[in-house]
Amino acid sequence: MPVIDTPDRSEYQVVVFRHGHEVYQQTERSLEDAIRTASAYLDRQNEQDFDS
């Protein structure tokens, strides 16, 4: 979700939920970085789930 969206600056709040619970929150400067951050977090969590 965009937190700040002005012509000279944008920031996006990354919020990741798993099983209905917020598990991660971070602010990124671009939508692409926000998507990449959320995807990387979920990938790491899935790898840890398989290792358990």
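The structure this text deals with has already been given above.
Rules of the game
- Residues numbered from 1 in each chain as written.
- Predicted model: local features only at pLDDT ≥ 70, side-chain atom pairs only at ≥ 80, totals over all residues.
- Heavy atoms only, no water.
- Helix = DSSP H or I, 4+ residues; strand = E, 2+ residues; numbered from the N terminus.
- Rg over C-alpha atoms; globule rule 2.2 N^0.38 Å.
- Buried < 20%, exposed > 50% of the residue type's maximum accessible area, 1.4 Å probe, protein only.
- Contact = heavy atoms within 4.5 Å.
- Areas by Shrake-Rupley, 256 points an atom, 1.4 Å probe, with all protein chains shown as cover.
- Lys, Arg positive; Asp, Glu negative; His and termini not counted.
- Charge placed at Lys NZ, Arg CZ, Asp CG, Glu CD.
- Polar contact = N/O pair within 3.5 Å; in protein donor to acceptor, adjacent residues only side chain to side chain.
- Phe/Tyr/Trp six-rings, centres within 6.5 Å; stacked < 30°, edge-to-face > 60°.
- Salt bridge = Lys/Arg side-chain N within 4 Å of Asp/Glu carboxyl O.

S.K.: Whenever I open this one, the overall build of the chain confuses me. Can you help?
M.R.: Summing up its helical and strand segments, the chain has 1 helix and 3 strands in all. Reading the secondary structure of the chain in the N-to-C direction produces β-β-β-α. Compactness check: the chain gives a C-alpha radius of gyration of 13 Å against a globular reference of 10 Å for 52 residues, more than 25% above the reference. Judged by the C-alpha coordinates and their principal axes, the chain covers about 45 × 20 × 10 Å. For the chain, with 52 residues in total, the buried portion stands at 25%. When contacts within the chain are restricted to residue pairs at least 6 apart in sequence, those whose partners lie at least 24 apart make up 14%. With the model as given, the accessible surface of the chain reaches about 4200 Å², and the carbon-plus-sulfur share is 49%. Distance between charge centres in the chain, computed from 5 positive and 11 negative side chains, equals 3 Å.

S.K.: Sorry if this is basic, but what is going on with the side chain of E11 here?
M.R.: With respect to the secondary-structure elements, E11 resides in strand β2 (residues 9-18). Among the polar contacts made by the side chain of E11, one reaches the side chain of R9 at a distance of 2.7 Å.

S.K.: What's the story with the packing of aromatic side chains in this structure? I'm lost.
M.R.: Any pair of aromatic rings gets described here by the distance separating the centres and the angle formed by the planes. Applying the stated rule across the entire model yields 1 aromatic pair. Taking 4.6 Å as the distance between ring centres and 25° as the angle between the ring planes, the aromatic pair formed by Y24 and Y41 counts as stacked. With Y24 in strand β3 (residues 21-28) and Y41 in helix α1 (residues 31-51), the pair connects residues that are 17 residues apart, well separated along the chain. Taking the relative accessible area as the measure of exposure, Y24 reaches 22% and is therefore partly exposed.

S.K.: What is the right way to read the pattern of salt bridges from this model?
M.R.: Pairing between side chains of opposite charge can happen when the charged atoms of each approach one another. If you walk through the whole model with that rule in mind, you get 2 salt bridges. Its salt-bridge partner being E11, residue R9 comes within 2.7 Å of it at the nearest N-O pair. By relative accessible area, which is 40% here, R9 ends up partly exposed. One salt bridge in this structure joins R36 and D33, with 2.6 Å as the shortest N-O distance. Of the two residues, R36 and D33 are both situated in helix α1; the distance of 3 residues between them amounts to about one turn of the helix.

None of the figures reported here should be taken as evidence of function without further support.
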